[in-house]
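# Coordinates in review
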Amino acid sequence: MNILTVENLCKNYPAFQLKNVSFQLEKGKITGFIGRNGAGKTTTLKSLFNFIHPDSGRVSFFDMEFAEHELEIKQRVGFVSGGIDFYPNKRLRTITAAARPFYPQWDDGEYRKYLGLFALDETKTPAQLSAGMKVKYSLALALSHHAELLILDEPTSGLDPVSRDELLEIFMDLCEKGVTILFSTHITSDLEKCADQIIYIKNGAVLAQSELRHFVSGYRIYDLTKEQLTPKLQARSLGTARSKYGYSVLLRADEPLGFDAPEQQATLEEIMVHLEK
């Protein structure tokens, strides 16, 4: 069974196009969705649920077409977006009481567990919560109806490093139980801690979908002086960036530099920075 299959998803705006976005998710895996601001991450995620209506393409969850099985699919999926706000002056317990009846599989024990884990006070209102605590509350709701698939748009945004690490541990625990997770993030170090795969989108098109370790191992970074960065080398590099002592150059791992220079395994963040240059 395919958890999520996206085929040739397209959306046209006057200044932006989502171009034939296609990918699949494997059961029990964490997939990071990466790309710079405006690359199409949020447009893609919202198009999965028709929050944004795509112009063409096919989306299916659990081998079911979304358009034909929307209600059933939403019972099995948890979605958290940074762009969704709650009623700012309603207490959390009131918002929860309104959300609970929509989910037959709602588990109040799980909900209480995550309230405690995230140190959430139900007597507070969203207006009294920090950005990070709002994310935690959204996740508590999403995790309380035994969702088989979690789709999260910037879930670690606004969280301090300790809270982010705790959240990543929860993600890994959930995956061990068979839950599948897709989340977009700009914090690539989070992905290096927990992700199995990545989907890299650039200018509205998927540049790569790969097992994370395989993707990262395919590149090397070289530290060069200004004199070493010749026009010929710059032309065949995948990207260059200024560094403290000169320049760094990104090359594929199977492409030799041609002369001796400090070499290192590229991180996911370094790969993104250089490919976007």
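Our structure is the block above this text.
Being a predicted model, the structure only gives us computed values, none of them experimental.

## Focus on the nonpolar core
If you look at the biggest cluster of nonpolar residues, it comprises 50 residues, and the most contacted ones within it are Leu150, Ile181, Phe183 and Phe215. Sorting elements by how many residues they give to this core places helix H5 (residues 131–142) first, with seven residues. Among all residues touching Ile181, those that are not within four sequence positions of it are Lys29, Ile30, Thr31, Leu150, Leu152, Phe171 and Cys175. The next biggest cluster of nonpolar side chains, apart from the first, holds 27 residues, and it includes Val6, Leu48, Phe49 and Leu149.

## So, the packing of aromatic side chains
Each aromatic ring pair is specified by the distance between its two centres and by the angle formed by the two planes. Scanning all chains against the criterion turns up twelve aromatic pairs. Plain terms: the ring middles of Trp106 and Tyr111 are 5.4 Å apart, the flat faces sit at 45° to each other, and that makes the pair tilted. Accessibility expressed as a relative area gives 0% for Tyr111, which makes it buried. An aromatic cluster is built from Phe49, Phe51, Phe61, Phe66 and Phe79, whose rings are joined through pairwise contacts. A cation over an aromatic ring shows up here: Arg76 above the ring of Phe62, its NZ or CZ 3.9 Å from the ring centre.

## Thoughts on the layout of surface pockets
Taken as a whole, the largest pocket encloses approximately 770 Å³ of empty space. Lining the largest pocket are 26 residues, and of these Phe79, Phe86, Ala99, Tyr103 and Leu141 lie nearest its centre. Taken together, the elements giving at least two residues each to the lining of the largest pocket come down to helix H2 (70–76), strand E6 (77–81), helix H3 (92–99) and H5. In terms of residues, the lining of the largest pocket owes the most to one element, E6, which gives five residues. Considering only residue class, the lining of the largest pocket consists of 17 nonpolar, six polar and three charged.

## So, the sheet that holds strand E8 (residues 180–184)
The sheet built from six strands is open, its strands ordered E6-E7-E8-E3-E9-E10 with mixed pairing. Only two strands of the sheet have a single partner each, and these edge strands are E6 and strand E10 (205–211). The average undirected angle you get between the axes of adjacent strands in this sheet is 15°. Inspection of the sheet shows E6 paired to strand E7 (residues 149–153) by five bridges, in the parallel sense. Bridge pairing in E7 links Ser81 to Asp153. Each of strand E3 (30–34), E7 and E8 is contacted by helix H6 (residues 161–176), which is oriented at about 150° to E8, the strand it contacts most.

## Considerations on unusual backbone geometry
You will see that Asn8, though not glycine, has its phi angle at about 50°, which is positive. Along the polypeptide, Asn8 turns up in strand E1 (residues 4–13). For Asn8, a relative accessible area of 42% translates into the label partly exposed. Backbone geometry places Ala119, a non-glycine residue, at a positive phi of 55°. Within the secondary structure, Ala119 sits in the loop between helix H4 (108–117) and H5.

## With respect to the sheet that holds strand E4 (residues 56–61)
The strand order across the open sheet built from four strands is E2-E1-E4-E5, with neighbouring strands paired in antiparallel fashion. Each of the sheet's edge strands pairs with one partner strand only, and the pair in question is strand E2 (16–25) and strand E5 (64–65). Pairing of E1 with E4, which is carried by five bridges, proceeds in the antiparallel orientation. Residue Cys10 lies in a different strand from E4, and its bridge partner there is Ser56. Running at roughly 120° to E1, helix H1 (residues 41–48) makes contact with E1, E2 and E4 of the sheet.

## Description of a negative patch on the surface
On the surface, a cluster of negative charge is made up of Asp160, Glu166, Glu169, Asp173 and Glu176. For Asp160, the position within the fold is in the loop between E7 and H6.

## Some words on the pairing of strand E11 (residues 219–224)
Sheet topology places E11 next to strand E13 (residues 246–252); six bridges connect them, and they run antiparallel. Pairing of Tyr222 across the sheet is with Val249, part of E13. Of the strand pairs in this sheet, E11 and strand E14 (residues 263–265) are connected by three bridges, and their pairing is antiparallel. Looking at E14, one finds that Ile221 is bridged to Gln264.

Basis of the calculations
- Residues numbered from 1 in each chain as written.
- Predicted model: local features only at pLDDT ≥ 70, side-chain atom pairs only at ≥ 80, totals over all residues.
- Heavy atoms only, no water.
- Core = buried A, V, L, I, M, F, W, Y, C linked by side-chain atoms within 4.5 Å.
- Buried < 20%, exposed > 50% of the residue type's maximum accessible area, 1.4 Å probe, protein only.
- Helix = DSSP H or I, 4+ residues; strand = E, 2+ residues; numbered from the N terminus.
- Contact = heavy atoms within 4.5 Å.
- Phe/Tyr/Trp six-rings, centres within 6.5 Å; stacked < 30°, edge-to-face > 60°.
- Lys NZ or Arg CZ within 6 Å of the ring centre and 35° of its normal.
- 1 Å grid on protein atoms, 1.4 Å probe; cavity = no way out; pocket = protein on both sides within 12 Å on 5 of 7 lines; lining within 4 Å.
- Points joined across faces, edges and corners; volume = space filled by probe spheres on them.
- Nonpolar A, V, L, I, M, F, W, Y, C, P; charged D, E, K, R; others polar.
- Pairing = 2+ DSSP bridges.
- Axes fitted to C-alpha atoms, helices over the stretch in contact; angles between N-to-C directions.
- Patch = residues over 30% accessible without salt bridge, like charges linked within 9 Å, V, L, I, M, F, W, Y side chains within 5 Å.
- Areas by Shrake-Rupley, 256 points an atom, 1.4 Å probe, with all protein chains shown as cover.
- Salt bridge = Lys/Arg side-chain N within 4 Å of Asp/Glu carboxyl O.
- Lys, Arg positive; Asp, Glu negative; His and termini not counted.
- Charge placed at Lys NZ, Arg CZ, Asp CG, Glu CD.

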